[in-house]
Amino acid sequence: MGKKKKKKSHLASNIVLTVSVVVFVVAAFQLFRIGKGYQDGRKDYKELQESATKKKKDKKDGKEKFIVDFEKLAEKNPDVIGWIRFDPEPSVINYPIVQGKDNQEYLHKTFSKNENGLGAIFLNVDNDSKFKDKHSIIYGHRMKDGSMFRHLQDYEKKSFWKENPRFYIYTPNGRVITYRIYSAGEVLDMSDAYETDFADGKAYQEFIDKTKKDSLYETGVKVRTADKIVTLSTCTKSSDNHRFVVHGVKETEETIEIEEKKDKKEKKKEK
């Protein structure tokens with residue numbers, strides 16, 4: 001009897017040990033896969049930033065301008081409709097913007113159309129791709145490695161907003177649109193903050209008032225019913241039903257004459 005008990009005990013220990021090893025290996029593989037996904041995604045976007053953007057002095061005023069080569073981006077993905085960046089911070093948010101056939105397409109697919117958890121920064125499918133709507137929404141993941149829209153939550157602090165009150169959107173036709181942030185806070189995923197269709201000026205004013213009310217702090221930035229708004233949205237650590245949103249009102253717009261396009265046109269004429 002004693003030997004049988006020892007054998008059973010030894011067998012049970014071996015089973016427990018084997019299961020533990022399998023669980024450890026599976027967990028390690030999952031961690032490796034996630035880590036590699038982050039690495040591949042970051043590499044993908046870094047290559048885009050290096051190949052499709054540059055800073056160049058404007059001939060008119062001598063100021064350094066941020067230039068995006070949309071022709072190069074369109075060759076890689078014709079769904080590109082813009083580029084978003086913050087200056088000076090959060091500088092990590094410096095990405096192309098796409099618009100898919102629906103709001104699911106780019107949740108797990110990068111700009112280069114590689115399957116990846118980072119996904120892409122994308123414009124709401126119902127919005128005008130030229131940012132002509134009263135209210136446009138741009139989505140991005142809150143990644144644990146700090147990429148994509150993770151650092152939108154830096155705007156939880158008013159002190160950060162004071163130092164970095166603007167973001168910029170660049171479009172394929174050379175427009176640079178500056179947005180001044182007037183509200184930042186946490187909302188539910190079904191919140192009125194995602195409304196894009198307004199019956200009249202009164203309805204739009206109610207939307208503006210609601211977004212200001214939801215803000216974590218008062219910014220003092222004025223928003224009129226004649227203004228255009230862009231909302232940046234990402235997930236939160238609170239729950240799957242909560243989102244962190246940053247609302248920006250259009251402040252200025254300028255058109256940059258991209259020299260590279262001029263050179264290409266002149267070369268074509270010479271031919």
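Residues numbered from 1 in each chain as written. Predicted model: local features only at pLDDT ≥ 70, side-chain atom pairs only at ≥ 80, totals over all residues. Heavy atoms only, no water.

### As for the environment of F160
Counted only if it meets this: In this description a helix means any DSSP run of H or I spanning at least four residues, a strand means any run of E spanning at least two, and both kinds are numbered starting from the N terminus. Any pair of residues with heavy atoms lying within 4.5 Å of one another is described as a contacting pair.
Along the polypeptide, F160 turns up in helix α3 (residues 158-163). Residues F160 and P90, 70 residues apart in the sequence, show an inter-C-alpha distance of 9.5 Å. Residues within four places of F160 in sequence aside, it is in contact with E89, P90, D154 and Y155.

### Points about the pairing of strand β6 (residues 135-139)
What counts here: Residue burial is assigned from relative accessible area. The probe radius is 1.4 Å, only protein chains are included, and a residue is buried under 20% of its type maximum, exposed over 50%, and partly exposed in between. Here, any two strands with at least 2 DSSP bridges between them count as paired.
The buried fraction of β6 amounts to 4 of the 5 residues, a majority that puts the element mostly inside the structure. Bridge analysis of strand β5 (residues 121-123) against β6 gives 2 bridges, and the strand direction is antiparallel. Within β6, the position partnered with L123 by the bridge is I138. Relative to strand β9 (residues 229-235), β6 is paired through 5 bridges, and the arrangement is parallel. Bridged to I137 within β9 is T231.

### Brief notes about the sheet that holds strand β8 (residues 175-188)
The criterion, for reference: Lines fitted to C-alpha atoms define the axes, with helix axes restricted to the stretch in contact, and inter-axis angles between N-to-C directions lie between 0 and 180 degrees.
As summarised here, the arrangement of the 8 strands in space is β3-β4-β5-β6-β9-β10-β8-β7, forming a closed barrel in which the pairing is mixed. Each strand axis lies, on average, 30° off the axis of its neighbour in the sheet, ignoring direction. Direction of pairing for strand β3 (residues 80-85) relative to strand β7 (residues 166-170): antiparallel, over a ladder of 3 bridges. Bridging across to β7, R85 finds its partner in Y168. Where helix α4 (residues 201-213) meets the sheet, it contacts β6, β8, β9 and β10 (242-255), and its direction lies at approximately 65° from that of β8.

### Quick word on the packing of aromatic side chains
Using the following cut-off: The criterion for an aromatic pair is that two Phe, Tyr or Trp rings (for Trp, the six-membered ring) have centres within 6.5 Å, with stacked assigned to planes under 30 degrees apart, edge-to-face to planes over 60 apart and tilted to the rest. Note on criteria: charge over ring means Lys NZ or Arg CZ within 6 Å of the ring centre, with the direction from the centre no more than 35 degrees off the ring normal.
Under the counting rule described, the total for this entry stands at 13 aromatic pairs. Note on F86 and F167: the rings are 5.5 Å apart at their centroids and 35° apart in plane angle, and the pair reads as tilted. Of this pair, F86 sits in the loop between β3 and β4 (94-98) while F167 sits in strand β7, and the two are 81 residues apart along the sequence. Take F86: its relative accessible area is 3%, and that puts it in the buried class. Note on F167: relative accessible area 0%, which makes it buried. With 5.2 Å between their ring centres and 15° between their planes, F167 and Y179 make a pair best called stacked. Here Y179 lies in strand β8 and F167 lies in strand β7, a separation of 12 residues in the sequence. Taking relative accessible area as the criterion, Y179 reaches 1% and is therefore assigned buried. Through successive ring pairs, a cluster of aromatic residues spans F86, Y155, F160, F167 and Y179. Between R85 and the ring centre of F66, over which it is positioned, the NZ or CZ distance is 4.1 Å.

### Some points on the environment of F167
Measuring from C-alpha to C-alpha, the distance between F167 and I84 comes to 7.4 Å, with 83 residues separating the pair along the chain. Excluding its chain neighbours within four sequence positions, the residues that come into contact with F167 are I84, R85, F86, I177, T178, Y179, I181, V230, L232 and G248.

### Things to note about the nonpolar core
Defined as follows: Here, the term nonpolar core denotes a set of buried Ala, Val, Leu, Ile, Met, Phe, Trp, Tyr and Cys residues that are joined through side-chain atoms within 4.5 Å.
Counting 57 residues, the largest nonpolar core has I84, F131, I138, Y155 and L232 as the members making the most contacts within it. The biggest single contributor to this core is β8, with 6 residues. In this view, L232 contacts I84, F86, I138, F149, L152, F167, F244, V245 and V246; residues no more than four positions away in its chain are not counted. If you look at the next biggest cluster of nonpolar residues, it comprises 5 residues, including I137, A193, Y194 and V245.

### Observations regarding the pattern of salt bridges
This is how it is decided: One speaks of a salt bridge when a side-chain nitrogen belonging to Lys or Arg is within 4 Å of a carboxyl oxygen belonging to Asp or Glu.
Counted by the stated rule, this structure contains 10 salt bridges. The shortest N-O distance in the salt bridge between K109 and E105 comes to 3.3 Å. With respect to class, K109 is no different from E105; both count as buried. R180 is the partner of E251 in a salt bridge, and the nearest nitrogen-oxygen pair spans 3.9 Å. Here the residue E251 occupies a position in strand β10, and R180 occupies one in strand β8, the gap between them amounting to 71 residues. Given a relative accessible area of 34%, E251 falls into the partly exposed group. Relative accessible area serves as the criterion here: at 25%, R180 is assigned to the partly exposed category. One continuous salt-bridge network, built from bridges that share partners, spans K101, E105 and K109.

### So, the confidence of the model for the protein
Selection rule: Each residue carries a pLDDT score, the predictor's confidence in it, ranging from 0 to 100.
Averaged over all residues, the pLDDT of the protein equals 86, while 80% of them reach at least 70. When the criterion is pLDDT under 50, residues 24-35 qualifies, and its contacts beyond four places in sequence or with other chains add up to 0 contacts. When the criterion is pLDDT under 50, residues 267-271 qualifies, and its contacts beyond four places in sequence or with other chains add up to 0 contacts.

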